[in-house]
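Okay, here's what each chain looks like letter by letter:
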Amino acid sequence: MTLSPLKWWQSGIIYQIYPRSFQDSGHDGVGDLKGVTSRLGYLESLGVTAIWFSPIFTSPMKDFGYDVADYKNIDPLFGSLEDFDELIREAHGRGLKVMLDFVPNHSSDEHEWFKEARSSRDNPKRDWYMWRDPASDGGLPNNWKSFFGGDAWTFDQHTGQYYLHQFVSGQPELNWANPEVRQEMAETLRFWMRRGVDGFRVDVFWLLAKDPEYRDEPRNPEWRPGQPEHNSLLHIYTQDLLVTHEYVAEMRSALDEFEDRMMVGEIYLPVDKLLTYAGTPEAPECHMPFNFHLILTPWNAADVRKLVDEYDAAVNASGSWPNWVLGNHDQHRFATRVGKGQYRVAQTLLLTLRGTPTVYYGDEIGMEDGYIPPSRVVDPAALGQPGVAAAGRDPERTPMQWDATPHAGFTDRGAEPWLPVAENFTAVNVAAQENDQGSDLNYFRALTRLRQGSEALTAGSYRSLDTGTGVPMQQGATALTGGSFQNVRPGTGVFGFVRGAGEERVLVLLNFGTEDVALNLPELHGAALLLSSHGGDSMNSGRAEVLRGNEAQIWRVG
């Protein structure tokens, strides 16, 4: 809910760390907690507020931590509980909040709960998971599909039943209809909050509930071969069931037992359904349902403006708080998606829109997708769907590029990184950009400083301007379901908007095209240029006549 004064998760910036890829201190080619602790000074210098860790719990790593074998311990690959406690102390000492990735929908098949559950049909833990007898013909219980390809059921020979898994077979689904499961999940949240954790990103929030009758899902008439098999069905019995909101509200109650804690939920839904997961002021649910629509919208001024206008209006109407994301561990890096020319335009958009931005590690230096040779592919989503080119997530998970030494400073010369370092690391790295005031890294820092020092940018209202955006590719009520993961046509148009708080007004101008655009906006009369993505001439002249191709400008207009 919108509060005054703003909470840290409303005024701040969240920075996502994929722990395997950030910094290796153990000389084994895999990032770890001590590695992150050693880089806290760098994170503080970025001007971010919170660091969010992708899963670090005990796990056999069949889905790289999203298959949890012990929810209350740290996997030795990343360190120990003592290492985590030290990281918390050091981060809090620097004013940084710490968030964990919470994975409540499924556990690992190596979790003690599941070992008990599959030991016999009458085991007390049996109903903690989702089991079904074979169909009358001896086949699968229904037609449900896995996100990672194939069917969502695996047969257990010992007990003669199938168990449900919407990801790999090593990730059996927990039965959230069982109150014992919900109580245990709430206690897990309390365990980590007692250790000082400030918030959680909750995995696949909208999948927690399933149809109790296990009915077949209807076919998707728009599905075509070559697309993920999971998309061949309309998921009316496995996604966004009404009872899910009760489960979310119970988690919220556990968080509210502690002061100033929060959660952000992974939810891929149209905006009207997405925002229902925030609840209401009287019955709050998720503090921020993750808004991924900027990732899924064609990259041109018209479509982006339409998205922002409609989302901001919907957030205002719902009384919730907005948030924005351009990349994460499941989506190709935005510098690759929009192109290097548009990289700073996108970065500026993310950090100046109304709401909380989430930044993915390495995006501050312009990291792009890395090339993964077939022999080095490890992502189960890619291995399970070899015919789906876009399924693999390894390219956006390559090691952080710290310097130009072997392995980019991520690990020792003699170690083999768990994924190959991107080929451009000798040019694109922190050390190369640190002292270059015109670098992507220092442009990012300039944006975060500007944001931190401006009430208009952190808490102000949003109003878009008519600046020649063009015609949206997406039309109609369903447009906010997202368009494409790719930049489906060259960027076009100028997107301009004003952020305002009290007497302060800040104008943001973004050129999605490559051509210079003459500006004729009354808002620019008497304005002062605060920042240009092109620096140099724009900053020196402060002229308000031209927005150059691929340029972002930020002006103080009041």
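So, here is what we can say about the structure in this document. (Residues numbered from 1 in each chain as written. Predicted model: local features only at pLDDT ≥ 70, side-chain atom pairs only at ≥ 80, totals over all residues. Heavy atoms only, no water.)

### Quick look at the side chain of Asn 442
Selection rule: Secondary structure is summarised from DSSP: a helix means a run of H or I of at least four residues, a strand means a run of E of at least two, and numbering begins at the N terminus for each. Any residue under 20% of the maximum accessible area for its type is buried, any over 50% is exposed, and the rest in between are partly exposed; the area is computed with a 1.4 Å probe on protein chains only. Identification of polar contacts relies on pairs of N or O atoms within 3.5 Å, with a donor-acceptor requirement for protein atoms, meaning one able to donate a hydrogen and the other able to accept it, and with residues adjacent in sequence counted only if both atoms are side-chain atoms. Two residues qualify as a contact provided that any one of their heavy atoms is within 4.5 Å of a heavy atom in the partner residue.
Positionally, Asn 442 belongs in helix α14 (residues 440–452). For Asn 442, a relative accessible area of 9% translates into the label buried. A polar atom in the side chain of Asn 442 sits 3.2 Å from the side chain of Arg 445. Excluding residues that lie within four positions of it along the chain, Asn 442 makes contacts with Gln 433, Glu 434, Asn 435, Asp 436 and Gln 437.

### What about the nonpolar core?
This is how it is decided: By convention a nonpolar core is built from buried Ala, Val, Leu, Ile, Met, Phe, Trp, Tyr and Cys residues, the set being connected through side-chain atoms within 4.5 Å.
If you look at the biggest cluster of nonpolar residues, it comprises 126 residues, and the most contacted ones within it are Tyr 15, Leu 43 and Phe 200. Listed in part, the 15 residues of the second largest apolar core include Ala 50, Met 99, Val 264 and Phe 290.

### So, helix α4 (residues 81–93)
To be explicit about the condition: Every helix has an expected span of 1.5 Å times one less than the residues it contains.
Along its 13 residues, α4 runs 18 Å from first to last C-alpha, staying within 8% of the 18 Å computed at 1.5 Å per residue. Burial in α4 covers these residues: Leu 81, Asp 83, Phe 84, Asp 85, Leu 87, Ile 88 and Ala 91. On its buried face, α4 is in contact with α2 (33–38), α3 (40–45), β2 (50–53), β4 (70–74), β5 (97–102) and α6 (179–194). Among the residues trailing α4, Gly 95 stands out with phi positive, at a value near 80°.

### Quick word on the packing of helix α11 (residues 343–352) against α14
What counts is decided by this rule: Note on method: axes are straight lines fitted to C-alpha atoms, helices fitted across the in-contact stretch only, with angles between N-to-C directions ranging 0 to 180 degrees. Here the word oblique covers every angle except those under 35 degrees (roughly parallel), over 145 (roughly antiparallel) and from 65 to 115 (roughly perpendicular). Handedness of a crossing follows from how the near helix is turned relative to the far one, being left-handed for an anticlockwise turn of less than a right angle and right-handed for a clockwise one. Side-chain classes follow a simple rule in which Ala, Val, Leu, Ile, Met, Phe, Trp, Tyr, Cys and Pro form the nonpolar group, Asp, Glu, Lys and Arg form the charged group, and the remainder, Gly included, forms the polar group.
At a minimum axis distance of 10 Å, the contact between α11 and α14 shows a crossing angle of 20°. Taken together, the axes of α11 and α14 lie roughly parallel to each other. Of the two possible hands of crossing, α11 and α14 adopt the one that is right-handed. Together, Tyr 343, Arg 344, Gln 347, Thr 348, Leu 351 and Thr 352 of α11 and Asp 440, Tyr 443, Phe 444, Leu 447, Thr 448 and Arg 451 of α14 make up the contact between the two elements. Broken down by class, the residue content of the contact of α11 with α14 amounts to five nonpolar, four polar and three charged.

### Notes on the pairing of strand β15 (residues 494–501)
The following threshold applies: Each pair of strands is called paired provided DSSP finds at least two bridges between the two strands.
Counting buried positions along β15 yields eight of eight residues, so the element is predominantly enclosed. Covered by surrounding structure in β15 are Val 494, Gly 496, Val 498 and Gly 500 together with Phe 495, Phe 497, Arg 499 and Ala 501, the residues of both alternating faces. Alignment of strand β14 (residues 461–465) against β15, held across five bridges, turns out to be antiparallel. Of the residues in β15, the one forming a bridge with Arg 463 is Val 498. When β15 meets strand β16 (residues 504–511), the two strands line up antiparallel, connected through eight bridges. Bridge assignment links Arg 499 to a residue of β16, and that residue is Val 506. Connecting β15 to the next strand, β16, in antiparallel fashion are two residues, including Gly 502 with a positive phi near 60°.

### Observations concerning the pairing of β5
Along a regular strand, successive side chains alternate from one face of the sheet to the other. Here β5 lies mainly inside the structure; five of its six residues are buried. The pairing of β2 with β5 spans four bridges and is classified as parallel. Bridge pairing in β5 links Phe 53 to Leu 100. Sheet topology note: the β5/strand β9 (residues 199–202) ladder contains four bridges and is parallel. Bridge pairing in β9 links Phe 102 to Val 202.

### A word on the packing of α6 against helix α7 (residues 244–255)
Two elements in contact, α6 and α7, have axes whose closest approach is 9 Å; the angle formed by their N-to-C orientations is 30°. Compared by their axis directions, α6 and α7 come out roughly parallel. Between α6 and α7 the crossing geometry is right-handed. Contact residues: α6 offers Arg 182, Ala 186, Leu 189, Arg 190 and Met 193, while α7 offers Tyr 247, Glu 250, Met 251, Ala 254 and Leu 255.

### Some words on the packing of aromatic side chains
How we decide: Centre distance within 6.5 Å is the pairing criterion for rings of Phe, Tyr and Trp, where only the six-membered ring of Trp is used; planes under 30 degrees apart are then read as stacked, over 60 as edge-to-face, and the remainder as tilted.
For the coordinates displayed, the defined rule picks out 35 aromatic pairs. Relative to Trp 402, the ring of Tyr 42 lies with its centre 5.0 Å away and its plane at 80°, an arrangement referred to as edge-to-face. In this pair, Tyr 42 sits in helix α3 while Trp 402 sits in the loop between α12 (380–383) and α13 (430–434), placing the two residues 360 residues apart along the sequence. An identical accessibility class is assigned to Tyr 42 and Trp 402; each is buried. For the pair Tyr 71 and Phe 102, a centre-to-centre distance of 6.4 Å together with 65° between the ring planes defines the contact as edge-to-face.

### A closer look at the sheet that holds β16
The strand order across the open sheet built from five strands is β14-β15-β16-β20-β18, with neighbouring strands paired in antiparallel fashion. Pairing within the sheet leaves two strands with one partner each, and these edge strands are β14 and β18 (528–532). Going across the sheet, the axis of each strand differs from the next one's by a mean of 25°, ignoring polarity. Across four bridges, β18 lies against strand β20 (residues 552–556) in antiparallel orientation. Within the sheet, the bridge partner assigned to Leu 531 lies in β20 and is Ile 554. Sitting on the sheet, helix α9 (residues 301–318) touches β14 and β15, and the angle it makes with β14 is about 145°. Sheet strands in contact with α14 are β18 and β20, and its direction is about 140° off that of β18.

### Brief notes about unusual backbone geometry
At Asp 260, a position not held by glycine, the phi torsion is positive, near 60°. With respect to the element layout, Asp 260 can be found in the loop between α7 and β10 (262–265). In this model, Asn 550 sits at a positive phi of 60°, which is unusual for a non-glycine residue. Relative to the helices and strands, Asn 550 is located in the loop between β19 (546–547) and β20.

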